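Examining the three-dimensional arrangement
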Amino acid sequence: MVNKINELEKIARNLEPSLEARHSVLDAVLKYTDQFIENIYELPTYITPEKNSSGLYDSPIGENPVQIDEILELLRNHVDNPGINPASDGHLGYIPGGGIYYAAVGDYLADVFNRYAGVFFASPGAVRLENMLIRWMANLIGYPQTAAGNLASGGSIANLIAIVTARDAHGLKAKDFHRAVVYMTEQVHHCLDKALRIAGMGEAVIRHVPMDQFYRMDAAALERLIQQDQQNGLLPWLVIASAGTTDTGAIDPLMEIGDISEKHGLWYHIDGAYGAFFTLTEDGKKLLRGMERSDSIVMDPHKGLFLPYGLGVVLVKDRQKLQAAHYYQANYMQDALSDPEELSPADLSPELSKHFRGLRLWLPLKLHGLNPFRAALEEKLWLARYFHQKIQEVDGFEVGPYPDLSVVTYRYIPQNGDPNEFNRRLVQEIHNDGRVFISSTILDGKFTLRLAVLAFRTHLQTIDLALEILKEKVAYLLENVGST
């Protein structure tokens, strides 16, 4: 038996590379990443993937090791090149963040030391650090000291945590679900519909509240719907407002919705995954007034603070309600449950195994300070306003509402033919070009183009380039394809 163990140990120790081996791999990786960053402004934003490319499947997982140079070449050709380059200044399509470098350094440190950040007993420093970040964000929103929260993997899980907390805080049982009513606009992010279903609330009544011409919730219509449902014996339960919708960047009337929710005893949740961090700016703070009225809110550092994907935050005004919905107990964890000084993340979310996500946020904030984050967010507001003004100066384009935040909607109207089909082709031509990436949506039945300005590398020259490309591709389509 000892011989067998020793034999296995000899092979298993390959998982502990030597200092020389570590440096060899790290040097190659740093050279690869430095080359990417140093050339980021010249790289395409979008590369159309090759059809039927076997790519990674030609190098299956096997028993023997592969050299780092070969591995990086696989990544270059089959992972890092095709599709959208989210780190690019030209990513103007969805709600990009960009992935600031020091966040990657934070992840590296977190992974090497591998602190378990789920329970205070296991890693008090990691839990304190994350709770400190949550306290900082709660202060930004205007929440009281009773608030708590969780660093989740993104806005979808953060919203799910909030929905489950709201369900349990109102004491809803399965027998009530078909009478419980949720109020939101059709502009609410689809992850909230998904969260309701996963939380067992698929039978709940969904009321899509009418919107004004700016795609913001009509507060008066909301109150009328609540009153009607109360009169009809239903259980008005949850209002979901948006602090920056994905489609248009619209901000619902947060203060008025707060008044209505409090008056009628509803849980008030705000999805601020995209927009909440704009409260760091002077204009954003005014636009987002009323966030503090909510019972829960979601905000994504991997959007508004430009971090790599994988960090969304849920905040709940009453920590006891958050903990009541998510706490757990297990015999094997009895040593860890002895009167902790701090709330443990594992008691505040579905996650038990918990990566130390907080370090990817804490390290950039400490190394940069808040000032460049604030300036970058304000710059994005002004770049969206600049685009909204300049695209109107190009013959044939019409625009949507003046941007609340950093999303602009617009479309080209040809003199003849189908505008929807023309704009579909326009998007495709821009994607084929690859220098910038824009996206589209459907608003009021119309195929509409979107410009989302949030990548931290996006500056004035990027917006000017996008305007030139739009003019160039419109001219090409009119000349070579016609208006239909």
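Everything quoted here is computed from the prediction, not taken from an experiment. (Residues numbered from 1 in each chain as written. Predicted model: local features only at pLDDT ≥ 70, side-chain atom pairs only at ≥ 80, totals over all residues. Heavy atoms only, no water.)

Description of the overall build of the protein chain
We count it as follows: By the criteria applied, helices consist of DSSP H or I runs no shorter than four residues and strands consist of E runs no shorter than two, each listed in order from the N terminus. What the globule rule says is 2.2 Å times the number of residues to the power 0.38, and the radius of gyration is computed from C-alpha atoms. Throughout, exposure labels follow a simple rule: accessible area from a 1.4 Å probe, protein chains only, divided by the maximum for the residue type, with under 20% read as buried, over 50% as exposed, and the rest as partly exposed. Here, two residues are considered to be in contact whenever any of their heavy atoms come within 4.5 Å of each other. Shrake-Rupley sampling with a 1.4 Å probe provides the accessible areas, and residues are treated as covered by the protein chains on show and by no other component. We treat Lys and Arg as the positive residues and Asp and Glu as the negative residues; His and chain ends play no part in the count. Charged side chains are reduced to one point each, which is NZ for Lys, CZ for Arg, CG for Asp and CD for Glu.
A tally of regular secondary structure across the protein chain gives 16 helices and 13 strands. Computed over its C-alpha atoms, the radius of gyration of the protein chain comes to 25 Å, within 12% of the 23 Å expected for a compact globule of 484 residues. Looking at the protein chain as a whole, 49% of its 484 residues are labelled buried. Here the analysis covers contacts within the protein chain between residues at least 6 apart in sequence; of these, 75% occur between residues at least 24 apart. Split by element, the accessible area of the protein chain, about 23,900 Å² in all, is 52% carbon and sulfur. Computed over 45 positive and 61 negative side-chain charges, the separation of the two mean positions in the protein chain equals 4 Å.

As for the packing of aromatic side chains
As a reminder, the rule being used: Any two rings among Phe, Tyr and Trp, with Trp reduced to its six-membered ring, count as a pair given centres within 6.5 Å; such a pair is stacked if its planes are under 30 degrees apart, edge-to-face if over 60, and tilted if neither. Two conditions define a charge located above a ring, namely a distance within 6 Å from the ring centre to NZ of Lys or CZ of Arg, and an angle within 35 degrees of the ring normal.
Overall, the coordinates contain 10 aromatic pairs when judged by the stated rule. Relative to Phe 437, the ring of Tyr 94 has its centre 5.5 Å away and its plane inclined at 50 degrees; by these criteria the two rings are tilted. Note that Tyr 94 is positioned in the loop between strand S2 (83-84) and helix H4 (101-113) and Phe 437 in the loop between helix H15 (419-433) and strand S12 (439-443), a separation of 343 residues in sequence. Measuring from centroid to centroid gives 5.1 Å for Phe 397 and Tyr 412, while their planes differ by 75 degrees, and the two rings are edge-to-face. Separated by 15 residues along the polypeptide, Phe 397 in strand S10 (residues 397-399) and Tyr 412 in strand S11 (residues 407-412) bring together distant segments of the chain. A residue is classified by how much of its surface remains accessible, and Phe 397, at 9% relative accessible area, is buried. Counting every residue linked through ring pairs, the aromatic cluster contains Phe 387, Phe 397, Tyr 410, Tyr 412 and Phe 422. Its guanidinium or amino end placed over the ring of Trp 382, Arg 385 lies 4.5 Å from that ring's centre, counting from NZ or CZ.

A word on the nonpolar core
Convention followed: Joining through side-chain atoms within 4.5 Å is the link that ties buried Ala, Val, Leu, Ile, Met, Phe, Trp, Tyr and Cys residues into a set, and such a set is a nonpolar core.
Core analysis: the biggest nonpolar cluster contains 63 residues, and Met 137, Tyr 183, Leu 222, Leu 254, Met 291 and Leu 315 have the highest contact counts within it. Counting residues per element, this core draws most heavily on helix H5 (residues 124-141), which supplies 8 residues. Beyond its immediate chain neighbours, meaning those up to four positions away, Met 137 contacts Leu 151, Phe 277, Met 299, Pro 301, Val 313, Leu 315 and Leu 361.

As for the pairing of strand S13 (residues 446-452)
Rules: Being paired, for any two strands, means DSSP has found at least two bridges between them.
Of all 7 residues making up S13, 6 are buried, and the element is well covered by its neighbours. Hairpin connection of S12 to S13: 2 residues between the antiparallel strands, including Asp 444 at a positive phi of 55 degrees.

Concerning H5
Let me state the cut-off plainly: How far a helix is expected to stretch is found by multiplying one less than its residue total by 1.5 Å.
Over its 18 residues, H5 runs 26 Å from end to end, which matches the ideal 26 Å to within 8%, given 1.5 Å per residue. Within H5 the residues assigned to the buried category are Ala 126, Val 127, Leu 129, Glu 130, Asn 131, Leu 133, Ile 134, Arg 135, Met 137, Ala 138, Leu 140 and Ile 141. Packing partners of the buried residues in H5 comprise strand S3 (148-152), helix H10 (282-287), strand S8 (296-299), helix H11 (301-304), strand S9 (312-316) and helix H13 (358-368). Phi turns positive, to about 100 degrees, at Gly 142, one or two residues after H5.

Here's the deal with the sheet that holds S8
Short version of the rule: Note on method: axes are straight lines fitted to C-alpha atoms, helices fitted across the in-contact stretch only, with angles between N-to-C directions ranging 0 to 180 degrees.
Read from one edge to the other, the open sheet built from 7 strands follows the order S3-S9-S8-S7-S6-S4-S5, with strand pairing classed as mixed. Since the sheet does not close on itself, it has two edges, and those belong to S3 and strand S5 (205-208), each with one partner. Averaged over all pairs of adjacent strands, the angle between their axes in this sheet comes to 20 degrees, without regard to strand direction. Of the strand pairs in this sheet, strand S7 (residues 267-271) and S8 are connected by 3 bridges, and their pairing is parallel. Paired with Ile 270 across the bridge in S8 is Ile 297. In the packing of helix H8 (residues 219-231) onto the sheet, the strands contacted are strand S4 (180-184), S5 and strand S6 (235-242), and the crossing angle to S4 comes to about 170 degrees.

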